[in-house]
Amino acid sequence: MRLSRAFNRSLWVFHFNSGSCNGCDIEIVAAITPRYDPERFGVRLVGSPKHADVLLVTGPVTHDMRDRLRRVYDQMAEPKLVMCIGTCGQSGGVFYDSYNLDGPVGDVIPVDIYVPGCAPRPEAIIDGVVKAIAKLERLEGEQG
Amino acid sequence: MSNGTKKGYSVPIGPIHPALKEPILFTFTMNGEKVEEVDFAPGKAHRGIEWMGMRRNPVQIVHLTDRICGICGVSHTLAFSRAVEQVAEIEVPERGHYVRTIIAEYERIQSHLLWAGVAAHELGFDTLFFLAWRVREESMDVIELLTGNRVNYGIIQVGGVRRDITEDQFPRIEASLRYYEDLLGKMLELFLHDTTITMRCRNTGLMNRREALELCTVGPTARASGLNLDVRQDSPYAAYGDLDVRAVMPEQYLGEAYGDVYDRIVVRLLEVKQSVEIIRQCLDMMPPGPVQFETKIPKLLATCKKAVGEAVGRVEAPRGEALHYVRMDGHENPQTWKVKASTYSNQMSWLKMLRGEQLADVPIIVASIDPCMSCTDRVTVVRDGHSDVMTKEGLHRLSVEKTRRLMQ
Amino acid sequence: MIVPSLLLQHAPALLLAVPMLGAFATPLLGRLGSGIRNAWAVLAMLCTLLIAVVLATEVLATGTIVYAFGAAAPHLSVPLDSGGIPIRIIFTVDAMSAFMALFASIVGFAVLLYSLKSQSRNSGQDGYYALLLLLTVGILGMVCTGDLFNFFVFLEINSLAGAALVAYRVDKGVAVEAGLKYAVLSTLGGLLVLFAIALLYGQYDALNIAMIASRMQFTLLDKVALVMLVVALAMKAGAVPMHFWTPDAYSMAPSAVTAFLVVASQASLYGIFRVVFSLYGLALDCLTVGWVLIILGVLSMFVGVTMAIPQKDVKRLMAYHAVSQTGYMLLGVGVGVAVLGNQDLLTAYGRIAMEGGIFHIINHAMYKGLLFLTAGAIFYRTGTRNLNKLGGLGHSMKWTMVFFMIGALAIAGIPPFNGFASKLMIYESVFLFNPLLSIIAMVVSILTLASFVKVFHSIFMGPKLPEYADVREVPAPMLIGMGILALFVILFGIFPQQVVDLLITPAAAALIDQGGYIASILGGA
Amino acid sequence: MSFLPSIPEILKQVLKKPATNAFPAKYLPPSITGFLTRVGEGKASIHPPIATPPAFRGQIIYDRDTCIGCKICTKVCPAHAIEFIPETKRIRIYVTQCISCSQCNDACPVNALHMSDVFLTANEDRYAESLIVE
Amino acid sequence: MTTMFGIDMLAVVGGIVAITVFGIVAGLVFLGIDRKVTAHMQARIGPPIRQPFRDFLKLLCKDSSVPENAIPWIFNGAPLLALASSIVILLYLPIGSFLPVFGSYGDLILVMYLLTIPALAMVGGGFASGSPYATVGSQREMVTMISYEFPLAIAIIAIAWRLSVAGIADPFSIGTIAANPVWGVAGPLGIIGFLILLVVLTWVTPAELSRVPCDTPEAETELAGGLLVEYSGRNLALFSLASGVKTVAMASLAVALFLPWNVSSFVALSPVVAYGADFAFYLVKLFAVIFFSVSIIRVGMARFRITHVVSVYWGYLAGLGLIGLLFIVLDTALGAGVIA
Ligand code: SF4
Ligand code: SF4
Ligand code: SF4
Ligand code: SF4
Ligand code: SF4
Ligand code: SF4
Ligand code: SF4
Ligand code: SF4
């Protein structure tokens, strides 16, 4: 990854539901609403993975969604970042024993930041973004 | 209009698409911008919840039902609990019923506001989206106060609820009710008197009463098409029997029902008002006493283990009737568990509503039944060699009965 | 200038003689082999072009050239031995004629180059080249002659050669039918023209345009003749409501021919202008005739473009656009006619409107020719003109696509291509006559754009289709043919002022100046 | 603008205070790392998140000493988040698996389990030590 | 007609560079202001005003991928063309009291057609990306273009007509229009007419710029970003610049047509101060135009369906424009004493 300061000042996120319960998804949407407003940090929800810098994945990755998750990930232009929102994407959570899961997310694509919680509060997601930026800064430091 | 695309091309939408917050794959056959034919393939979010449930005990399952869907999880949990309670002959304490009702109505408020925001977003009206979600936070705060979490409340347990609503929480609840009462007039004006919204929603995604009936639609989708049905009114559960609940119909606001997207907005916004009134009634009428039939979890499990039989729990979720069928056979875990969620009942109406519409209207029409695939992606499960023939018959019987009642 | 004076002196005659000779010799040379024949045809066309250039330079430098065939002193219009009446076949090449001749031969040359390859797979090429050259003769004759009967003769040559070329792919039934249609209509038009000429001859006992003009009484019969001439020529020019033959003819003919047929049609347009300005001139009720032309123009513009949009056949679509574009010329010139009597208005905007209209003629010939050639290139490689079947060619036919884009943007009047330059002149002048006219013209432009964007998308965009997997770019001669036209499209777009000053203003002035025209023949009226 | 009722509304809104809670800072500081250092030094402060209610269910906490190893919590946990360690007769809770349902809290006979109000637990490592409660 | 000859080439080059820089900076700043204002209207804090610059830099450091079905040279060329043509438009427009770089040769109709080029570039780019969403987006962009062109044509012709009837030479030159504010030329009826045209132009602006309610080509919810769906990295950055520059151009056009006054013509100022004051005033005017015709409209209403775009622009707005034109014609007739 070619990291630079310019990159983490403006993270555009694309939201991918890999078969979640909606809980995390609505909290992601809630997180972009006026009360939390991450646009303050240049974070914006975009409609095309090609435009995105960050992939927000929710859900435990059902069998059907596995390939699509891969494909969406591949479509994103480098450099890129993956955040896994919610417990079930991290470990399967409450769906741990389902027969139809190919997850968790970390097994399908590389994940940079995990935000546990079922569902995490919007501010936990913002906290995740901030930690992601901190990680970028660290990586950038290591790179430069 | 000029259009360079060949006649009859098809546009796939989904399973990952900004208009669909959840995975589902639509295939549209288009003629220019017009939808000629629609097909959709749900099942992308299938997680095998019923299958998992049959490997868990009811106390665990309520947390699974919460996560059938994070938006109307309470409805599922309630329906499931009701089914188990019937099988196990558990009597929920009065106060428990009232707490359940209050939570269920708060869920309706947040869900309808959420929907209103999503609908505005689909219409490209982000300001109203932001507004709806901003005011939704008020109910989220109260829910968090009452249950300890913003989504997946985890408050309902078989036999009652896990937390009481205490007197010191009443002022906060009261404040939120007043907040919504003050706000609602403005919301109605902003949503329903806006020319651009009217242009986009009037006569869009039409479904008349007959079609709504034939397609077995439920909830606001059905009510917007003029079907007077609401589980809370038709077969009351929880505390609804004590309360005055009438199905909200679009003609109450406008004098007539078209059965279009606009009417679906009307119904949902008016239901927010209705929910506020219901909560207020509950607060006034709340009897004292315990809220849980048995607080000792091992004892509760033991009661469930003794139960044999089958039952159906029906609940009016924000999107319409959610139905859980449970069959217990003397084990801790249910022998059969079937979920029929509201979106499952409503989704066939898409085919009718979308045909002949503009591509631009697809998102709002799809959104107009307030779909969420999480609860809908299902399979029929056959367990222990028993087929679920009974289930199907049971379901069919129920639906036929319901149809008859409605036809009268 | 180092051009031998003999050539200079006889340029008008040579302008016709060269292609005529070319035409007749082509079949003979064809026996010697196709290479020789092709070279011969190219040579003939090239010479024609050179002569046209020479002629145009001369006319622009010295003014109207008059050439009487067979006379001892060809430049003397009224030979000494005639008793004051021009009797011979007389060519009157004023700036307008020179301008028409010039660009007709440019397009002709490009088309011929293009044909070398595009026709190479067809049979009967001897006839093809002969007819092409003959058509050139017809066109050049029409624009150069100063004599009504001659005009009719060349019109007929034009029609017959055109009809034959439309029907050229005899193996295709439809083509024959289209050719027949073209022939019948042309004959009808020819008859009307002939009849009108007879009426005029009967009254004025003369065939020379200048002669008649100088005697014009504007009687009822004259009016009848006028109507017949305008109707017949408007039909040949493909103006609404007499445009119905264009789609058939244009789409059936081989593309190269179509490109040239556009020029042929414009020769008829020239005919209208000549009749209106030089034959009748100020005798007319200018406002009425002007409005007639304007209405014809607006109708053509609108009907053409609206008919074009739903077409599925590329060439039919382009044909309708040709109708639409003809409307701009009629509009521009019509406004000029409408204010012909009023010197103030004429200077205020009439002249510019006319110049715009005339400029549009040449521009249209360039870009529409180019578009038809690209359509031909596409057909050459894919064998279809059906938009629904085409697609994804942008991956393989890059140059054709570029040429198509240039043509499309030009026809839509997008700067910096030539269509914009002439349209701009029209917009910015006719609005003073009536603001709505400009608005309509602009709207039609944008509709044209939409239509071509759609076509562009259908043909070139999208994924590569399996059936066209091995489609390649067309051969070089075809590309060169298109390239020549594209170059003009761009040059005229970037340096419109120079073109206008050099060619258009004199042409418009020549048209307006009826007195000068008459004088050039009859010598100081 | 009665046909566009939102317009007067938004014009009024421009003058009002935004509803945004500026957690953790109003805008992105030039460098997060720098910001955190300065917060550590007390030179800057993090704008607090919206307060959690008293009974908020955040990350689980475990009172190892009170626990009697009865395993009831493992039985009720819907997410399979609790592992019983036979050697020590104590439990281990994987926060990354826990759905914060607090069902185990209800079930524990000796109240050895509680939900804290910690919820800002994002981590780069899904097996991070901070995400295992013993 | 435009000629570039006879102007000091050095000045032109310098002017081009200056305008390019100005266009890009102003474009991004106004984009930032627009986002900030929008956020406040929606009760949010919103991004810092320099956020568009950050977005731009971010995009520059990202990969630009070319999809498989794309035609690469068009796909990559389109953003460049869009940006370049947007800048060219600015060269024809007066910036404050600085004359346009191409002198007084700026021609209204030329500008109007130049305005279509960035849009065409986007259409081309969308088509060339070979994705169905982008294709539908491109078609919509085209339809939008047809739609707003009609009312725009009416407004432009009406203004020029009124000026030329008032005996002003060269009515299509933007210099002329700026020097003779329409409000001073017309009588009371004419002023009503121009006010109507101003309204029309206010509504044409969001369509030109593909903003709500006319952002159908990019409709995020239906088309996932529409014709830009396949773009990323540098190409997307160029498109965003182009859109910023085009916003400035469109607003400058509106300023030149309807609000051409300068401070220096009212107050006597030393030349340098005058240029500065006029420039500042010009920026204020730009802000006003953008605020009313972009920010408020885009925040205050829902997206049109593409059929609505056509019906609203060809029906209501064109009708309105014609009424405005009628007023202006009547005004002229009254002034000339034809009717009175
Ligand atoms: S983590 Fe919980 S809330 Fe989030 S998607 Fe998974 S189950 Fe739903
Ligand atoms: S209908 Fe929707 S919101 Fe309700 S449970 Fe199902 S998925 Fe969730
Ligand atoms: S309801 Fe849906 S997600 Fe749940 S088990 Fe059934 S199919 Fe799976
Ligand atoms: S019951 Fe099974 S087979 Fe039938 S529709 Fe449902 S998933 Fe398909
Ligand atoms: S219950 Fe019977 S009739 Fe109804 S859907 Fe199922 S199978 Fe069909
Ligand atoms: S019987 Fe069943 S399938 Fe038929 S209409 Fe009634 S509910 Fe629907
Ligand atoms: S809180 Fe719930 S999920 Fe977490 S350990 Fe306890 S029972 Fe298991
Ligand atoms: S239920 Fe309580 S006491 Fe028993 S093992 Fe769990 S934590 Fe320990």
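Above: the structure in question.
Residues numbered from 1 in each chain as written. Chains lettered and ligands numbered in written order. Predicted model: local features only at pLDDT ≥ 70, side-chain atom pairs only at ≥ 80, totals over all residues. Heavy atoms only, no water.

A. The overall build of chain A, seen in detail. Scanning chain A for helices and strands turns up six helices and five strands. In chain A, the succession of α and β elements from N to C terminus is α-β-α-β-β-α-β-α-α-β-α. Here the C-alpha radius of gyration of chain A, 14 Å, is about what a compact globule of 144 residues would show, namely 15 Å. A total of 144 residues make up chain A; the buried ones form 76% of that total. Expressed as a percentage of contacts within chain A between residues at least 6 apart in sequence, the contacts between residues at least 24 apart total 82%. A total accessible area of about 3,500 Å² is found for chain A, and carbon and sulfur atoms account for 48% of it. In chain A, 16 side chains carry a positive charge and 18 a negative one; their mean positions are 4 Å apart. (Helix = DSSP H or I, 4+ residues; strand = E, 2+ residues; numbered from the N terminus. Rg over C-alpha atoms; globule rule 2.2 N^0.38 Å. Buried < 20%, exposed > 50% of the residue type's maximum accessible area, 1.4 Å probe, protein only. Contact = heavy atoms within 4.5 Å. Areas by Shrake-Rupley, 256 points an atom, 1.4 Å probe, with all protein chains shown as cover. Lys, Arg positive; Asp, Glu negative; His and termini not counted. Charge placed at Lys NZ, Arg CZ, Asp CG, Glu CD.)

B. Molecular detail of a nonpolar patch on the surface. Nonpolar side chains collect at one region of the surface, where W261, F266, V267, L269, V272, V273, F281 and V284 of chain E lie side by side and expose about 740 Å² of accessible area between them. Assignment of secondary structure puts V272 of chain E in helix 12 (residues 271–300). (Patch = residues over 30% accessible without salt bridge, like charges linked within 9 Å, V, L, I, M, F, W, Y side chains within 5 Å. Salt bridge = Lys/Arg side-chain N within 4 Å of Asp/Glu carboxyl O.)

C. Highlighting the pairing of strand 8 (residues 336–340) of chain B. Counting buried residues along strand 8 of chain B, five of its five residues qualify, which places the element largely inside the surrounding structure. The alternating pattern of strand 8 of chain B places T336, K338 and K340 of chain B on one face and W337 and V339 of chain B on the opposite face, and all of these are buried.

D. Layout of the packing of helix 14 (residues 343–382) of chain C against helix 19 (residues 496–512) of chain C. All names here are of chain C. Two elements in contact, helix 14 and helix 19, have axes whose closest approach is 9 Å; the angle formed by their N-to-C orientations is 110°. With respect to helix 19, the axis of helix 14 lies roughly perpendicular. Note on element contacts: helix 19 touches helix 14 through P496, V499, V500, I504, T505, A507, A508, A509, L511 and I512, opposite L346, R351, M354, E355, I358, F359 and I362. Broken down by class, the residue content of the contact of helix 14 with helix 19 amounts to 14 nonpolar, one polar and two charged. (Axes fitted to C-alpha atoms, helices over the stretch in contact; angles between N-to-C directions. Parallel < 35°, antiparallel > 145°, perpendicular 65-115°, else oblique. Nonpolar A, V, L, I, M, F, W, Y, C, P; charged D, E, K, R; others polar.)

E. Focus on the sheet that holds strand 3 (residues 54–58) of chain A. Residue and element names in this part refer to chain A. The five strands are arranged 2-1-3-4-5 in an open sheet whose pairing can be described as parallel. What marks the edges here is a single partner per strand, and that holds for strand 2 (44–45) and strand 5 (113–115). The pairing of strand 4 (residues 81–85) with strand 5 spans three bridges and is classified as parallel. When the sheet's bridge partners are listed, C84 is paired in strand 5 with Y114. (Pairing = 2+ DSSP bridges.)

F. The arrangement of the interface of chain D and chain A in detail. Counting residues at the interface gives 36 residues for chain D, matched by 38 residues for chain A. Interface area for chain D against chain A, summed over the two sides, is near 3,200 Å², with a carbon-plus-sulfur share of 55%. The three residues of chain D that bury the most area against chain A are L28, E124 and R126 of chain D, which together make up 23% of that side's buried surface. At the junction of chain D with chain A, the criterion picks out two salt bridges. Note that R126 of chain D and D107 of chain A form a salt bridge whose closest N and O atoms lie 2.9 Å from each other. Summed over the shared surface of chain D and chain A, the result is 23 residue pairs in polar contact (both at pLDDT 80 or more). A breakdown of the residues in the side of chain D that touches chain A according to their chemical character gives 22 nonpolar, 10 polar and four charged. (Buried area = accessible area lost by both parts, 1.4 Å probe. Polar contact = N/O pair within 3.5 Å; in protein donor to acceptor, adjacent residues only side chain to side chain.)

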